[in-house]
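Structural features, examined
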Amino acid sequence: MNGHKPHRVRTLLVHLGLILAAAFMAMPLWFAFVASTYQGGDFISGHVGWLPGSNFWNTYVTTLNGTAAQALALPPMGSALLNSLIMAMLIACGKILISLPSAYAVTYFNFPFRSLCFWVIFITLMLPVEVRIVPTFQVAATLGLLNSYAGLTLPLIASATATFLFRQTFLTVPDELTEAARIDGASPLRFFIDVVIPLSRTNIAALFVILFIYGWNQYLWPLLVTTKASYSTIVMTVGRLSEASGEGDPVWNYTMATAILALLPPVFVVVAMQRLFVRGLVETEK
Amino acid sequence: MQAKRVTFQRTALPLALLAPQLAVTGIFFLWPAYQAMRQSLYQEDAFGLKVVFSGLTNFYDLAVDPTYLASLLTTLVFSLSVAAVSLSFGLLLAVLADGVGRGSKFYQLFLVWPYAVAPAVSGVLWVYMFDPSIGPITKLLRVVGIDWNHQIHSGQALALIVMASCAKQIAYNFLFFLAGLQSIPKSLLEAAALDAAGPIRRFFTIQFPLLTPTSFFLLVVNMVYAFFETFGVIDATTYGGPGQSTNILVYRVFNDGFKNQRIGASAAESVVLLAIVAVFTFIQFRYVERKVEY
């Protein structure tokens, strides 16, 4: 380590660059917060600038207690937040619950059609919901899944990525454990529950973090599959409000307060579980 | 396809374990994909009374539709811009964060959170900043003499959706590049430093070449994101306009299928998208499998 001056100047510049970048990333959030602290009329009269106003309390209270939502004929905020939470939890838990056993099956068993099953699952990597949107909607409608939590989550649940991640994890479990289990006469199911799942705990948690964010942030599918306000999610509500604001209704303050409410839970998850988040992201590789 | 050396010899159990995933995949993935392909071969007759087999007419119509070709071009320009911007910023920030040593964890937090913001929400945040009449950035631009109105100027509309789409991918790329940089043996860099190679030279001769596989993988991921996951950004900002200038392919599939009720055309567009994802997946799969070998 040398303490030469140019070295110190360089370190300083590196920190400066990172601080600037962090500030730039936070800029949209800052402006959203500022906008949420004004009254609707302030936007038209041009009062809203770069610093917060005095309507913070009022905006968030009326946003959360539903007064604003009622005036704009939107679903109540509480139920939208709850729907988002339910959707995110069902998608995250559902994906994990169906891909753990399937990954175990393709990794630990030798059976006819193993390759076929593997490829059927793999092919879903190539079918994002956006690509097959119209026929998927038709299937959901035929099965009577419109306006239900099943319709909201099932089409998003099958996931090759989760299966691949778990397969990768299982491949690192030493074969000696399997042999020992066999000698002890443990059934494959016993081995799965008592050895393989506990060994995969961290990866399950990491994947949960990623899937929760993925589920919470869904927009297009919920927009199509729910027509009843009682199934509306918070991200959908943000979209509706933004439409109203763009058309000249003075509701930017509510729009931004709702946007902040919509982004806080997943951002909180990332911040609180940074280590798991990074692990989940880098290991699932999407 | 790799499996365990020690495996269980059963048939019923693994199939039962696979059943839930296979069921969901079959009902909500394979069946709709098959339907998309089938519907792409049919058209409504002139009176809209019944659907008739029309062969590849839907595809032919797309191929000669100037607005479709424009959408395709827009999507390419958009995706390449998103990839270029988010890869270069992601890499730059990773190099900077790698340079501060132990402090990198601290900065990491302030650079990765945008990953958690939904594309639709991100679109709303950006469209406010650039609102033609009340946006704070618009006002700033006016001071320096730029007249910003993405509702009229198509170039500005495209720039807006690129910006609104990038933050999430910058966070993503940053994490992968940082992980890549930190896995490069320090001895390699120290040896180069002893040879009096400056930091910039070290970056281009050692770090950047070693990051090539990561960059390539990220390029594909970013393209897939820009192609398919940016629906929310468009629907919160430009709605595909002005005119058709930001009407990217996923937005078009949705519009033709649900708003314009052109089921055949929308299905043909789905099949084209399917082919595009297949290409991306093929490229990515080759990368992933190669990595698994190690």
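The shown structure was predicted, so the numbers you read here are calculated from the model rather than taken from an experiment.

In this section: unusual backbone geometry. All names here are of chain B. Going from glycine 241 to proline 242, the amide bond is cis rather than trans, its omega being -5 degrees. Mapped onto the elements of the fold, proline 242 is located in the loop between α11 (231-237) and α12 (249-259). Despite not being glycine, glutamine 261 has its phi angle at roughly 55 degrees, a positive value. As for its placement among the helices and strands, glutamine 261 is situated in the loop between α12 and α13 (263-293). Since 11 C-beta atoms lie within 10 Å of it, glutamine 261 is described here as exposed.

Turning next to the environment of B:Phe177. Residues and elements named next belong to chain B. Positionally, phenylalanine 177 belongs in helix α7 (residues 154-182). Sequence-wise, phenylalanine 177 and serine 187 are 10 residues apart; in three dimensions their C-alpha atoms are separated by 19 Å. In contact with phenylalanine 177, other than residues within four places in its own chain, are Gly90, Leu91, Ala94, Leu211 and Thr214.

What follows deals with the interface of chain B and chain A. Listed by partner, the interface residues are 80 residues for chain B and 81 residues for chain A. By residue number, the principal contributor to the side of chain B that touches chain A is helix α1 (residues 12-39) of chain B, which donates 19 residues.

The subject of this paragraph is the environment of A:Thr59. All names here are of chain A. Mapped onto the elements, threonine 59 comes out in helix α3 (residues 56-64). Classification of threonine 59 by C-beta neighbours within 10 Å gives buried; the count is 22. Linking threonine 59 and methionine 256, residues 197 residues apart in sequence, is a C-alpha distance of 9.7 Å. In contact with threonine 59, not counting residues within four places along its chain, are Ser36, Thr37, Asn253, Tyr254 and Ala257.

Residues and elements named next belong to chain B. Helix length check: α7 (29 residues) gives 41 Å between terminal C-alpha atoms against 42 Å at 1.5 Å per residue, within 8%. At cysteine 166, α7 shows its maximal bend, which comes to roughly 35 degrees. For α7, a buried count of 23 out of 29 residues is recorded, marking the element as mostly surrounded by other parts of the structure.

Rules used throughout
- Residues numbered from 1 in each chain as written.
- Chains lettered and ligands numbered in written order.
- Predicted model: local features only at pLDDT ≥ 70, side-chain atom pairs only at ≥ 80, totals over all residues.
- Helix = DSSP H or I, 4+ residues; strand = E, 2+ residues; numbered from the N terminus.
- Buried ≥ 20, exposed ≤ 12 C-beta atoms within 10 Å, placed from the backbone.
- Contact = placed C-beta atoms within 7 Å.
- Expected span 1.5 Å × (residues − 1).
- Bend = angle between axes of the 7 residues up to and from the residue.

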